[in-house]
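# A look at the structure
One-letter residues, chain by chain:
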There are 2 protein chains.
Amino acid sequence: MRGVNLSDASRIPSTRLKPVCIVGLGLIGGSLLRDLVAQGHTAYGYTHSRNGTRAAQRDGFDATNSLIDVLQRAQRDDALIVIAVPFEAVADVLDAIAQYAPSCGFTDVVSVKKPVYDLVLARGMGERYVGGHPMAGTEHSGWVASQEGLFSRAAWVVTYDYALEVDRVPECWSQLFAQVCKLAAAAGAEAVPVRVNPHDEAVARVSHLPHVLAEALALVGDKGGTLAQSLAAGSYKGGTRVAGTDPVLVRNMCETNAESLVRVLDEYIEVLHTARADLAGATPSMKQLAESGHRAYTRMSARSGARRESVSPVKISSRPVMRLHPGAPGWVRQLQQIESLGGRVEVF
Amino acid sequence: MRGVNLSDASRIPSTRLKPVCIVGLGLIGGSLLRDLVAQGHTAYGYTHSRNGTRAAQRDGFDATNSLIDVLQRAQRDDALIVIAVPFEAVADVLDAIAQYAPSCGFTDVVSVKKPVYDLVLARGMGERYVGGHPMAGTEHSGWVASQEGLFSRAAWVVTYDYALEVDRVPECWSQLFAQVCKLAAAAGAEAVPVRVNPHDEAVARVSHLPHVLAEALALVGDKGGTLAQSLAAGSYKGGTRVAGTDPVLVRNMCETNAESLVRVLDEYIEVLHTARADLAGATPSMKQLAESGHRAYTRMSARSGARRESVSPVKISSRPVMRLHPGAPGWVRQLQQIESLGGRVEVF
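Since we're looking at a predicted model, the values are computed, not measured. One numbering rule holds for all chains: residues counted from 1, following each sequence as written. Both sets of labels track the order of writing: A upward for chains, 1 upward for ligands. Since the coordinates come from a predicted model, pLDDT governs what is reported: local features require at least 70, and pairs of side-chain atoms require 80 or more to be given and counted, while whole-chain, interface and lining totals use all residues. The side-chain values count all of the structure's non-hydrogen atoms but skip hydrogen atoms and water molecules.

### Notes on the sheet that holds strand S3 (residues 63-64) of chain B
All names here are of chain B. Pairs of strands are assigned from DSSP output, requiring at least two bridges between the strands. Helix numbering and strand numbering both begin at the N terminus, where a helix is a DSSP run of H or I of at least 4 residues and a strand a DSSP run of E of at least 2. Taken in spatial order, the five strands of this open sheet run S3-S2-S1-S4-S5, and their pairing is parallel. Each edge of the open sheet carries a strand with a single partner, namely S3 and strand S5 (106-108). As judged from the two bridges shared by strand S2 (residues 43-46) and S3, these two strands associate in the parallel manner. Counterpart to Gly-45 in the pairing with S3 is Ala-63. Against the sheet, helix H5 (residues 90-100) touches strand S1 (20-23), strand S4 (80-83) and S5, its axis set at about 160° to S4. We call two residues contacting when some pair of their heavy atoms lies within 4.5 Å. A fitted line through C-alpha atoms represents every axis, and for helices the fit uses only the stretch in contact; the resulting angles, taken between N-to-C directions, go from 0 to 180 degrees.

Here it is in structure tokens:
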């Protein structure tokens, strides 16, 4: 790493998490608030929904309906701000942070990273921002859907493009990166360093595409009428579950990542065309798709998340781990190495 | 119903289940054996796998590795035979039943019904056959995957084409129909009367199509390499789960139902093409698919299986129910009515 010496880096606090200010208390923001408080950290939040604010307060959490208040408090506390609103609201939140919490570092949990990063850079806020994206969720939304433990063992993407773009990584940015990794760990997740473009391509493939497929399967299944409805079982329910997600949220993630999504959708349609041709032949065959699909499933299952075959109550992560000290010499090169392995970092 | 009078029908036993002989002790046959024995019924089974036989015996079940032995025993017991082998083995099992259990009624649990029915009719065994298909399963197979309660609240399709094709429904067939409905109930499932062609069309839509989509998603996800593998979470795992199924079983069901499957696959590809065009536009939009898919999901969820919103420990089925007496006047017309509603029957 260019220009940050060890004596600087050694000042980074290693065990403590700053107070955390969560802007947006839906499924993700709300679940994070629950986890942080459960772990004994100082955390509070804002939601624009009066019902959501009241519900969070009734559940015993420190929540407010005033964005200005919560950001001014964050500024006083030198808090880490987490932007947990849908993408369409991110620009307004960034403007509010610039005005009311002008020296706080911040991260986000939005499911696309390049469009958020562009908004951040356009405001000259790159030095104060480390992007994030916890790969966890359910088909439900809002504070009522939030739950402790939602992020347990999930990948929590942490972006680091800024460190590659500047001549010298500011110490405050290294410290912010460490804080965001610790935030992920506090939520029980695993910090996975990824640059914004590879992130957006990968989630188009493993998250946004599955959402498109689920919506389409719900539509085609429903066309079968009452009989198909009556017979729908596990394979259908598994394949359509995320079509239960609020369509506004689905649109938000798919439309903001449309370029990558269209590319993988084309790949997918091509696979279906081949399968269709094989099934429509004189001797219908699904040999190729069934066998290659099953092999792919087996490979993916072996890697994604915890090893399921483990009988130990202590689950072993299947992601390779690298321990590093943000700010130490060569740490950004280490991030690039671990990204190429789909691995995780532990900061100290 | 033509020609069966009430005095005949009244001789049908209403509460007792005959001994049940299960040919094939994989996921479905094995789970059925577990349920029946747990419910206090007499049930035994055969599997061609020596390991499967030993495993079932070790678990305390009455299992044999000899098809001839088990069918001769079924003949002595006047048992109900359940064919629970993959489709490719059905013809051989039918021939063995004709030879060693020539007067037993039989049913099956194969996921396509027209091809099985054709094999039955080609052997002149229609009077002794009522088709079945429990809409339940997991991505695992073999005796080791079998489990008590697998069919709880599932639809268990019971076919009745034979009753529409003959001039006069034989009493033995009405009794067999009743036995198969009781078998489904003994396994905790709901007997849903459906003719073979509507069945095969409906399962192409809600079961075989989801299997094709899962295999294709596994393939496309895996192409994303280690990073995509590391980031894959709930939506991907839900959408690919059934790609974990033994590819031989997936091929069996999809290839034997290829005609219906190709039709719904074409419908599905058409939906994806439209979505692709909407996402590739100057202003990417997923409004139409996200909103219509979510509405379809909501409709399907309201109908398929038990009402999830119920807070009572006694789950209420969302399928309309018709109580009927097989053999009673008009009972076949009643089956047609309940099929058109995607409903279930309870026999008495």
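### Overview of the interface of chain B and chain A
At the interface, 90 residues of chain B touch 90 residues of chain A. Once two parts are joined, some of their accessible surface, as seen by a 1.4 Å probe, is lost; buried area is that loss totalled over both. Counting the surface lost from both chain B and chain A, the interface buries some 7900 Å², and carbon and sulfur atoms represent 70% of this. Of all residues in chain B, Leu231(B), Tyr297(B) and Met300(B) give up the largest surface area on contact with chain A, accounting jointly for 8% of the area buried on that side. Throughout this description, the term salt bridge denotes a Lys or Arg side-chain nitrogen within 4 Å of a carboxyl oxygen of Asp or Glu. For the pair chain B and chain A, the number of links is four salt bridges.

### Details of the nonpolar core
Counting 90 residues, the largest nonpolar core has Leu231(A), Tyr268(A), Leu272(A), Leu231(B), Tyr268(B) and Leu272(B) as its most contacted members. Discounting residues that sit within four places of it in the chain, Leu231(B) has contacts with Met135(A), Ala155(A), Val157(A), Val192(A), His199(A), Ala202(A), Val203(A) and Val206(A). Nonpolar core, defined: a set of buried Ala, Val, Leu, Ile, Met, Phe, Trp, Tyr and Cys residues in which side-chain atoms within 4.5 Å join the residues together. Any residue under 20% of the maximum accessible area for its type is buried, any over 50% is exposed, and the rest in between are partly exposed; the area is computed with a 1.4 Å probe on protein chains only.

### What about the packing of aromatic side chains?
Within 6.5 Å between ring centres, the rings of Phe, Tyr and Trp (the latter by its six-membered ring) count as paired, and their orientation is classed by plane angle as stacked under 30 degrees, edge-to-face over 60, tilted in between. One pass over the structure, following the stated rule, counts 16 aromatic pairs over all chains. An angle of 35° between the planes, with centres 6.0 Å apart, marks the rings of Tyr162(B) and Trp173(B) as tilted. Taken together, the residues Tyr162(B) in helix H7 (residues 161-165) and Trp173(B) in helix H8 (residues 171-186) connect sequence positions 11 residues apart. Note on Tyr162(B): relative accessible area 12%, which makes it buried. Members of the aromatic cluster, joined through ring pairs, are Tyr162(A), Trp173(A), Phe177(A) and Trp331(A). Placement of a positive charge over a ring is assigned whenever Lys NZ or Arg CZ falls within 6 Å of the ring centre and within 35 degrees of the normal to the ring plane. The positively charged end of Arg73(A) is found above the aromatic ring belonging to Tyr44(A), 3.6 Å away from the centroid.

### What about the pairing of strand S2 (residues 43-46) of chain A?
Residues and elements named next belong to chain A. Covered by surrounding structure in S2 are Ala-43 and Gly-45 together with Tyr-44 and Tyr-46, the residues of both alternating faces. Alignment of strand S1 (residues 20-23) against S2, held across four bridges, turns out to be parallel. Looking at S2, one finds that Ile-22 is bridged to Gly-45. Note on handedness: a crossover is taken as right-handed if, strands pointing away from the viewer, the path from the first strand over the helix to the second is clockwise. Following the backbone out of S1, through helix H2 (residues 27-38) and into the adjacent parallel S2, one traces a crossover that is right-handed. Between S2 and its parallel partner strand S3 (residues 63-64), the chain crosses via helix H3 (residues 50-58), and the hand of that crossover is right-handed.

### Overview of H8(B)
All names here are of chain B. Expected helix span is given by 1.5 Å per residue-to-residue step, counting one fewer step than there are residues. For H8, with 16 residues, the first-to-last C-alpha span of 22 Å sits near the 22 Å given by 1.5 Å per residue. The buried fraction of H8 amounts to 12 of the 16 residues, a majority that puts the element mostly inside the structure. Taken together, the buried positions of H8 are occupied by Trp-173, Ser-174, Leu-176, Phe-177, Ala-178, Gln-179, Val-180, Cys-181, Lys-182, Leu-183, Ala-184 and Ala-186. Trailing H8 by a residue or two, Gly-188 shows a phi angle of about 85°, which is positive.

### Notes on the pairing of strand S8 (residues 190-193) of chain A
Residue and element names in this part refer to chain A. Side-chain alternation along S8 places Glu-190 and Val-192 on one buried face and Ala-191 and Pro-193 on a second face that is also buried. Pairing between strand S7 (residues 155-158) and S8: four bridges, direction parallel. Residue pairing for S8: Val-158 is matched across the bridge by Pro-193.

### As for the packing of helix H9 (residues 196-222) of chain B against helix H12 (residues 247-256) of chain B
All names here are of chain B. The geometry of H9 relative to H12 is characterised by a closest axis approach of 10 Å and an angle of 130° between their N-to-C directions. Taken as axis vectors, H9 and H12 run oblique relative to one another. As for how H9 packs across H12, the hand of that crossing is left-handed. Along the contact surface, H9 presents His-208, His-211, Val-212 and Glu-215, while H12 presents Val-250, Met-253 and Cys-254. To sort the angles, those under 35 degrees are grouped as roughly parallel, those over 145 as roughly antiparallel, those from 65 to 115 as roughly perpendicular, and the leftovers as oblique. Working rule for handedness: look at the near helix, and if it is turned counterclockwise from the far one by less than a right angle, call the crossing left-handed; if clockwise, right-handed.

### A closer look at helix H4 (residues 67-77) of chain B
The periodicity of an α-helix, 3.6 residues per turn, causes residues three or four positions apart to be oriented the same way. Residue and element names in this part refer to chain B. Of all the positions in H4, only Leu-67, Val-70, Leu-71 and Ala-74 are classed as buried. Taken end-on, H4 shows its buried residues confined to a sector of 95°, consistent with a single buried face. Next to the buried residues of H4 lie S1, S2, S3, S4 and H5. Remark: Asp-78 follows H4 within two positions and exhibits a positive phi of approximately 50°. Starting at the helix axis, one direction is taken to each C-beta atom, and the arc is that of these directions.

### Topic: the packing of H9(B) against helix H13 (residues 258-279) of chain B
Residue and element names in this part refer to chain B. At a closest axis distance of 9 Å, the pairing of H9 and H13 adopts a crossing angle of 65°. Note on packing geometry: the crossing formed by H9 with H13 is right-handed. Taken together, the residues of H13 that come into contact with H9 (itself represented by Asp-200, Glu-201, Ala-204, Arg-205, His-208, Leu-209, Val-212 and Leu-213) are Ser-260, Leu-261, Arg-263, Val-264, Leu-265, Glu-267 and Tyr-268. Taken together, the residues of the contact of H9 with H13 sort by class into eight nonpolar, two polar and five charged. The residue classification treats Ala, Val, Leu, Ile, Met, Phe, Trp, Tyr, Cys and Pro as nonpolar and Asp, Glu, Lys and Arg as charged. All others, Gly included, are polar.

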